[in-house]
Amino acid sequence: MARRSDDRRFTSLEARIDAAAHRLLDRLPDGGLPGGLTELLVFGIKQAFACLFGGAMLALMIATKLFWPDEIGLARYDFLFLAALGIQLLMLICKLETIAEAKVILIFHIAGTLMEIFKTSVGSWIYPEPSFFRIGGVPLFSGFMYAAVGSYLARVTRILELHYTHYPPRSATVLLALAIYANFFTHHFVFDLRYLLFAIIAVLFWRTTVHYRVFRFRHRMPLLVGFLLIALFIWFAENIGTWSRAWIYPSQHAGWTPVSLHKLGAWYLLMILSFVLVTLVHRPRPLSAVHQPVISAQKSVEEAAAVVISAPP
């Protein structure tokens, strides 16, 4: 929603949407509490727009859980697979996603499907319904759940114009991503190295700050905190997915129960894997590449609170 001299971060359709949004949003207040609320509103809109593919898939899971007619002769999982293909093609045709992003999302889709085949074979979770489009016990729509994470990260990188300070060497992050992916398989046979991986993540990204522009201002956040917030959001989405019985864990055979918070660590690692894959398309850009006012999220909150406190009764 924010303008910049180089709008190549937008596709042609996104640029038109951005221009239309500015005609409305430029009229909103830019100072004090109203200005802060405007930034929050635009942030929510941009996040929803970045989640377009994942949000559509979750909506379809909920809808087919509540209203799917068994008599139509098409398995629910097969419909989800065909719908995911259609949504992905539509996003490309409508220029809501770039070809380069689609290629990385495809790679993540394949990597996710391979992991699904292994995980279901060892009983980590199951897909309880029949389907035609499947490999072993894995319906092919499942790979799109991983693709949804990649789609969000690729789109939000452009939409929020992400820049970084103290970003670690990309070679180190690629090695980390490979180790994370390997551990999802090897921990069933040898030691689980996730805590060592968490330590390596902390060392690599401890000083890294992500800078993002919402509307009128740039904001900043420790990247480790950003990773955690995204993983938490994915954990909430997984609860919706298991409630719809798109897939279930062994503890959910008798009836739905919330997904264990223990899974949050796994999603944290998987999200970093997808983040590193996205950097193959959107190279992490240093903050020095832009010259914009930067304010921290904490400072924004403090300024908004000061306005509220000083407001006359």
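Parameters at a glance
- Residues numbered from 1 in each chain as written.
- Predicted model: local features only at pLDDT ≥ 70, side-chain atom pairs only at ≥ 80, totals over all residues.
- Heavy atoms only, no water.
- Helix = DSSP H or I, 4+ residues; strand = E, 2+ residues; numbered from the N terminus.
- Contact = heavy atoms within 4.5 Å.
- Polar contact = N/O pair within 3.5 Å; in protein donor to acceptor, adjacent residues only side chain to side chain.
- Axes fitted to C-alpha atoms, helices over the stretch in contact; angles between N-to-C directions.
- Parallel < 35°, antiparallel > 145°, perpendicular 65-115°, else oblique.
- Left-handed = near helix turned anticlockwise from the far one by under 90°.
- Nonpolar A, V, L, I, M, F, W, Y, C, P; charged D, E, K, R; others polar.
- Phe/Tyr/Trp six-rings, centres within 6.5 Å; stacked < 30°, edge-to-face > 60°.
- Buried < 20%, exposed > 50% of the residue type's maximum accessible area, 1.4 Å probe, protein only.

*Asks:* Go over the environment of arginine 134, please, and point to the residues and values.
*Replies:* One can find arginine 134 in strand E1 (residues 134-135). Expressed as a C-alpha distance, the spacing of arginine 134 and isoleucine 117, which sit 17 residues apart in the sequence, is 9.9 Å. Residues within four places of arginine 134 in sequence aside, it is in contact with Glu129, Pro139 and Leu140. Among the polar contacts made by the side chain of arginine 134, one reaches the main-chain carbonyl oxygen of glycine 136 at a distance of 3.0 Å. Within polar-contact distance, the side chain of arginine 134 engages the backbone oxygen of glycine 137 at 3.3 Å.

*Asks:* Go over the packing of helix H4 (residues 76-93) against helix H6 (residues 143-159), please, and point to the residues and values.
*Replies:* Helices that pack against each other are described as a pair by the angle of their axes relative to one another and the distance between those axes. Relative orientation of the contacting elements H4 and H6 amounts to 20°, with a least axis distance of 12 Å. Relative to H6, H4 is oriented roughly parallel. Crossing hand, H4 versus H6: left-handed. Touching Phe81, Ala84, Leu85 and Met91 of H4 are Phe144, Ser151 and Arg155, all from H6. Residue composition of the contact of H4 with H6, grouped by class: five nonpolar, one polar and one charged.

*Asks:* Can you lay out the packing of aromatic side chains for me, pointing to particular residues and giving the numbers?
*Replies:* Taken as a whole, this structure holds 25 aromatic pairs when the rule is applied. A ring pair is formed by tyrosine 77 and tyrosine 127, whose centres lie 6.1 Å apart and whose planes are at 85°; its orientation type is edge-to-face. With tyrosine 77 in helix H4 and tyrosine 127 in the loop between helix H5 (99-121) and E1, this residue pair connects regions lying 50 residues apart in the sequence. Judged on exposure class, the residue tyrosine 77 and its partner tyrosine 127 are both buried.

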